[in-house]
Amino acid sequence: QKSAAEETSTATPEAFVQQLLSVLCYSTQLIRAAWCLIQSNDSITRHVHTVIDHDSTNTPIRQLTCTPSYQARDTDTSRGASVLYIFTAALEHALVVTDDVEIHELEKPLPLHQLRRVIKVQKKLLYRACFVDTKTGPPNHFGLALISSTSRAFRDLYDRSSRRPLAVPKVWLVAGLLEKEIKGCKTHSDFLALLKSEPVLRICPMLVSFKRRLELFDKIVKTNREELQGVNSPNPFNPNPLKPARVAVINRGRILEDGLATMNNLGSNMRERIAVHYVNEAGVKETGIDAGGLFKEFWTDLCNIAFDPNYALFQMTEDGSTSMFPSPMSSSAHGPDHVVLFGFLGRILGKSLYEGITIQPLFAHFFLSFLRGDYNFLHMLPDLSTIDSQLYNNLMFLKTYDGDATDLCLTFTITSNEFGGTREIPLMSGGAEIEVNNANKQRYIHMVSKYYVHDRVKVQSEAFTRGLWEVIDPTWLRLFNEPELQVLISGASDGKIDLDDLRRHTRYAGGFTGMDRTISRFWSVFSSLNGKQQAAVLRFVTSCERPPPLGFASLNPPFTIQRVGILRDGDKLPSSSTCFNILKLPTYSSERVLKERLIYAVESGAGFELT
């Protein structure tokens, strides 16, 4: 027997605790019974609400104690906290082997409407523990265990919801959270201090609205960029003028090769200002000074080449979403240099995020998890469904198979098909001699999923991630889940363009004003286009079909419409300068002609050439 003072806590449950949880979760109805008790027993319900409601008690959650039932008084909130902890620990453990199909279709471990109630309770507890409780004092092992278990279960449910929604977004949020704190920060060090000091941003950032986290990320990057690169301002007394740029000489016919040669070894210096000087095929430098537009053009072209699946560094998933992940065959196509190329691609993505350049590629859900640096290996089976749907269905059949698994004649090996040939790969030492049975089939499913989702692209993913993290700190990326990170990379993908937002932040040049007749016709035409056509116009002008994550106010350079005078409608087509986000619009005689010529130019890819 040990006194409370002699007790020690461990970072992970001991083996016997795991075994006990397995028995309780899979051989009893403990989870449903505990949740029913929390909702229906008046005393337990009152105690739980006393714990999670920050106005009910002055005792911080991290200082809660667990009192034996024979010593507890009716007013002692530890009864409710104890039941809540048992429920949360069991739920967390059950989710380890529960897949998305079981949650949504079989209502395991709880019906969906009850899981939404669980989310609300856990949200209140985490909000109080991570933001409201400000009292200092020695924490208690029980209180810390309750917070830790709740945060893990809550994060698991949130991660699952990012793949297949469990609840509407507002269920996860605390309204107005951190709004005042973010507005109070001015410098890069202020924003970093906020990121490190606020437990809610480290433990449960999903409580803060996505827009507010986007603003925080934007401020962190922008203030750091201004410190390193300076500020371009016409003010002669500018205290922080632009610093000299690193010059990259690029041949237009060798964009990827020259980019790799000039910038791959910059490391964290990729954050500095880079000026691009183009040379033609004859080696003659093109005229013009890079004021930011040439760099954007180069970076956009570089991304289009490097992330093209035909380049054999990335391949598409099978779920029809056009999402990409590293090709397991990249070494066969590029030899040992494929690791260097993946590192460079990571730096390309990092620089795009750092400069606020939205790029076209969409990445697979599991690969986005790798980029955040905290991939949840418990979700490998659902992630496998996006890579190989047939294999996923086969593993799901094995998982739910009621008969003897040895009847299926499986061993701990997988068969790999490469370039028309096949080879057998053991999943573990001596795997070819180990038969899959009912006792070990869960391990087999886990190991097969791990091989396809993680092991065969591990080298590529690690190289890419290292390159990304040299430019973007991973703690900044962990503010977002996978779909949110995709929005950060390539803008909103819901197919909707906010016309009012675009119009409000559009600039006019060459003699155009917002009241010009041609401009009125353009906005009338743009609003009449369907979503796909609007996205095509946006890509025609900015090189990306999706708006920036924070709206068009953050588009740099801003969306601009420039006047092109013509005598006849057939003289010129609309063209664009994507490096400056400029649409060069001729003064057509009617709205009908403008629409026809604009659609023709966009669908023909006119750009600079077809005029």
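Computed from a prediction, not measured in an experiment: that's the story for all the values here.

**Let's talk about the packing of aromatic side chains**
Where two aromatic rings form a pair, the distance of their centres and the angle of their planes describe that pair.
Here comes step 1: On inspection of all chains with the given rule, the structure shows 29 aromatic pairs.
Here comes step 2: Aromatic side chains Tyr127 and Phe131 sit 5.7 Å apart centroid to centroid with 20° between the ring planes, which places their arrangement in the stacked category. In this pair, Tyr127 and Phe131 are both assigned in helix α6 (residues 112–132), 4 residues apart and thus about one turn of the helix distant.
Here comes step 3: Its relative accessible area of 23% is what places Phe131 among the partly exposed residues.
Here comes step 4: Between the aromatic rings of Tyr158 and Trp172, the centroid separation amounts to 5.1 Å while the plane-to-plane angle is 75°, which identifies the pairing as edge-to-face. A residue pair is termed long-range when its members are at least 10 positions apart, and Tyr158 in helix α7 (residues 141–163) and Trp172 in the loop between α7 and α8 (179–183) qualify at 14 residues.

**A word on the pairing of strand β1 (residues 246–251)**
Here comes step 1: Direction of pairing for β1 relative to strand β2 (residues 274–279): parallel, over a ladder of 6 bridges. Considered in β2, the bridge of Val249 is made with His277.
Here comes step 2: Note on the crossover from β1 through helix α12 (residues 255–263) to β2: the handedness is right-handed.

**Quick word on the sheet that holds strand β10 (residues 582–586)**
Here comes step 1: Spatially, β7-β8-β10-β9 is the arrangement adopted by the 4 strands of the open sheet, whose pairing is mixed. Here the strands that pair on one side only, and so sit at the sheet edges, are β7 (507–509) and β9 (575–577). Across this sheet, the average inter-strand angle for adjacent strands is 25°, counted without regard to direction.
Here comes step 2: As defined by bridge partners, β9 adjoins β10 across 3 bridges and the pair is classed as antiparallel. Bridge pairing in β10 links Ser576 to Leu583.
Here comes step 3: The sheet contacts of helix α24 (residues 517–528) involve β7, β8 (560–564) and β10, and relative to β10 the element is tilted by about 115°.

**Side note on the pattern of salt bridges**
Here comes step 1: What the rule picks out here adds up to 24 salt bridges.
Here comes step 2: Of the charged contacts in the structure, one is a salt bridge between Lys124 and Asp53, with a shortest N-O distance of 3.9 Å. With a gap of 71 residues between them, Lys124 in helix α6 and Asp53 in the loop between α3 (42–52) and α4 (78–94) connect regions that are remote in the sequence.
Here comes step 3: Using a relative accessible area of 24% as the deciding quantity, one classes Asp53 as partly exposed.

**Topic: the packing of helix α17 (residues 380–387) against helix α19 (residues 441–453)**
Here comes step 1: Interhelical geometry of α17 versus α19 gives an angle of 50° and a closest axis separation of 9 Å. In terms of orientation, α17 lies oblique with respect to α19. α19 is crossed by α17, and the crossing has left-handed handedness. Across from Met380, Leu381, Asp383, Leu384 and Ile387 in α17, the residues of α19 making contact are Ile445, His446, Ser449, Lys450, Tyr452 and Val453.
Here comes step 2: When its residues are assigned to classes, the contact of α17 with α19 shows 7 nonpolar, 2 polar and 2 charged.

**Some thoughts on α12**
Here comes step 1: Taken as a whole, α12 has its buried residues at Ile255, Leu256, Asp258, Gly259 and Met263. Considered in projection along α12, the buried side chains sweep an arc of 165° and stay on one side of the axis.

**Structural notes on α4**
Here comes step 1: With 17 residues, α4 extends 24 Å between its outermost C-alpha atoms, agreeing within 8% with the 24 Å of an ideal straight helix rising 1.5 Å per residue.
Here comes step 2: When you tally the buried positions in α4, you get 13 out of 17 residues, the bulk of the element.

**Brief notes about unusual backbone geometry**
Here comes step 1: Following Lys108, the chain continues into Pro109 via a peptide bond in cis, with omega recorded as 0°.
Here comes step 2: Take Pro109: it is sitting in the loop between α5 (100–105) and α6.
Here comes step 3: In the segment running from Asn556 into Pro557, the intervening peptide bond is cis, with an omega of 0°.
Here comes step 4: Tracing the backbone through its elements, the reader meets Pro557 in the loop between α25 (531–542) and β8.
Here comes step 5: The phi angle at Leu178 is positive, at roughly 70°, despite the residue not being glycine.
Here comes step 6: By secondary structure assignment, the location of Leu178 is in the loop between α7 and α8.

**Description of the side chain of Thr45**
Here comes step 1: Summarising the element assignment, Thr45 is placed in helix α3.
Here comes step 2: Separated by 2.6 Å, the side chain of Thr45 and the backbone oxygen of Ile38 make a polar contact.

The rules behind these values
- Numbering of residues starts from 1 in each chain and follows the order in which that chain's sequence is written.
- It should be noted that, the model being predicted, local features are given only for residues of pLDDT at least 70 and side-chain atom pairs only at 80 or more, the latter also being counted only at that level, while totals for whole chains, interfaces and linings use all residues.
- As a rule here, side-chain values cover all heavy atoms of the structure and leave hydrogens and water aside.
- For Phe, Tyr and Trp, rings pair up if their centres lie within 6.5 Å, where Trp contributes its six-membered ring, and each pair is then called stacked (planes under 30 degrees apart), edge-to-face (over 60) or tilted (otherwise).
- Secondary structure elements are taken from DSSP: a helix is a run of H or I of four residues or more, a strand is a run of E of two residues or more, and numbering for both begins at the N terminus.
- Here the term buried applies to any residue with accessible area under 20% of the maximum for its type, exposed to any over 50%, and partly exposed to those in between, with areas from a 1.4 Å probe on protein chains only.
- Strands were regarded as paired on the criterion that DSSP finds at least two bridges between them.
- Throughout, right-handed denotes a crossover for which the path from the first strand over the helix to the second runs clockwise when the strands point away from the viewer.
- To get an axis, fit a line to the C-alpha atoms, keeping to the stretch in contact for a helix; angles then go from 0 to 180 degrees between the N-to-C directions.
- Whether two residues are in contact is decided by their heavy atoms, any of which lying within 4.5 Å being enough.
- Think of a salt bridge as a Lys or Arg side-chain nitrogen and an Asp or Glu carboxyl oxygen that are within 4 Å of each other.
- Angle categories: roughly parallel below 35 degrees, roughly antiparallel above 145, roughly perpendicular from 65 to 115, and oblique for all the rest.
- Throughout, a crossing is termed right-handed when the near helix is turned clockwise from the far one, and left-handed when it is turned anticlockwise from it by less than a right angle.
- Side-chain classes are defined by residue name, with Ala, Val, Leu, Ile, Met, Phe, Trp, Tyr, Cys and Pro counting as nonpolar, Asp, Glu, Lys and Arg as charged, and the others, Gly among them, as polar.
- By arc we mean the arc of the directions from the helix axis to the C-beta atoms, nothing more.
- By this rule the span expected of a helix is its residue count minus one, scaled by 1.5 Å.
- For the purposes of these results, a polar contact is taken to be a pair of N or O atoms within 3.5 Å, where, inside protein, one atom must be able to donate a hydrogen and its partner to accept one; residues adjacent in sequence count only when each atom of the pair is a side-chain atom.

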